[in-house]
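What the coordinates show
Listed here are the chains, written in short residue letters.
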Amino acid sequence: MKPAKSAETQTATLAEIARAAGVSAPTVSKVLNGRADVAAATRTRVEELLRTHGYRRRRAEASRSPLIDLVFHELESAWAMEVIRGVENVARDAGLSVVLSESAGRLTPGRTWADQVAARRPHGVVLVLSGLDESQRALLTSRSIPFVVMDPAGDPGPDVPSIGATNWQGGLAATRHLVDLGHTRIGAVSGPSRMMCSRARVDGYRAALETAGLPADPSLVLTGDFHHDAGYRLGLELLRRPDRPTAVFAGNDLQALGLYEAARELGLRIPEDLSVVGFDDLPVSRWVGPPLTTVRQPLTEMAEAAARLVLELGREREERSATRVELATRLVVRSSTAAPAAG
């Protein structure tokens, strides 16, 4: 293992990068600082050399802005508000502000975003259902800007700190509750299959059926997008079947509310004719009629944990192994579930 570089050695490395790139040291410094007045080809060449050399600014050199960057792949639901509240709680206690970004449905922010973050030099970045590509990670690392992924869409990799929830256990608990009530034909409206949390919840659903000795009918599992409209549309598809399910596990509360609307349109009563379980336990789940049985995902606590972790990483002087944390989910039983009607 190579010894840690001194400040003098790191300065020399910066000069070496400038010579290799054929530019001046101030130009390399501009790239490091996210300045816009550098030609694109030069920026790309310098960034590649920074990655090759593994250059990283000393934390003492990096004058940080009093900010935490919070990045969503989509920013349009009550789910996002719970996350914002959690990050705001930690930021406020630390005397920091929160900058919100949205990647317009993409699971990786664009390159412009990475340059803007490098220029802002926040205390850290929390990415929600998002991730970073290799060049973005290298860019933030070279600026000593720590990042944490909350509820990662895919496998974030062994070296990326992440905060998640026990999604598989939640899907298992939701479906087992319906089985225990006596339901044998249970449908599911999942979230996007590209998201790890969606797949884990459906895997938990299937495990509960298998454990109970019930067949897992693939035609009863429909893939949504975590939005109300998908719950409504796919709910109609499930509930119009002549052999419709007597219960449905929705991948999140918004899709469960779409199922409520589909059931009303078809003249089905909840829970007398149809039991529904959601996932998230958003505040609205307590207010609808009937109140929704759901799996509580501690969104605010997850966001708080992610924000605390990113600040802790920013204070670390030495590198450490990535932290991966899963917070527990739990079933909250309300009035949307009951035993199936006789016959």
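See above for the structure.
The present account deals with the structure reproduced in this document. (Residues numbered from 1 in each chain as written. Predicted model: local features only at pLDDT ≥ 70, side-chain atom pairs only at ≥ 80, totals over all residues. Heavy atoms only, no water.)

Helix and strand content of the protein chain: 11 helices and 12 strands. Across the 343 residues that make up the protein chain, the buried fraction comes to 53%. Considering only residue pairs separated by 6 or more positions, the protein chain has 74% of its internal contacts joining residues 24 or more positions apart. Here the protein chain has roughly 15300 Å² of accessible surface; of this, 52% comes from carbon and sulfur atoms. (Helix = DSSP H or I, 4+ residues; strand = E, 2+ residues; numbered from the N terminus. Buried < 20%, exposed > 50% of the residue type's maximum accessible area, 1.4 Å probe, protein only. Contact = heavy atoms within 4.5 Å. Areas by Shrake-Rupley, 256 points an atom, 1.4 Å probe, with all protein chains shown as cover.)

Within the secondary structure, S77 is located in the loop between strand 1 (67–72) and helix 4 (78–93). What makes S77 partly exposed here is its relative accessible area of 22%. Sequence-wise, S77 and L254 are 177 residues apart; in three dimensions their C-alpha atoms are separated by 8.8 Å.

The final tally for this structure, using the stated rule, is 1 aromatic pair. Between the aromatic rings of F249 and F279, the centroid separation amounts to 6.5 Å while the plane-to-plane angle is 55°, which identifies the pairing as tilted. Separated by 30 residues along the polypeptide, F249 in strand 8 (residues 247–250) and F279 in strand 9 (residues 275–280) bring together distant segments of the chain. Comparing F249 with F279, the two get one shared label, buried. (Phe/Tyr/Trp six-rings, centres within 6.5 Å; stacked < 30°, edge-to-face > 60°.)

What follows covers the sheet that holds strand 9. In space, the 6 strands of this open sheet follow the order 7-6-8-9-10-12, with mixed pairing throughout. Lying at the two open borders of the sheet, with one neighbouring strand each, are strand 7 (221–223) and strand 12 (330–332). In this sheet, adjacent strand axes meet at a mean angle of 20° when their direction is disregarded. Pairing of strand 8 with strand 9, which is carried by 3 bridges, proceeds in the parallel orientation. (Pairing = 2+ DSSP bridges. Axes fitted to C-alpha atoms, helices over the stretch in contact; angles between N-to-C directions.)

Purely geometric numbers; function is a separate question.
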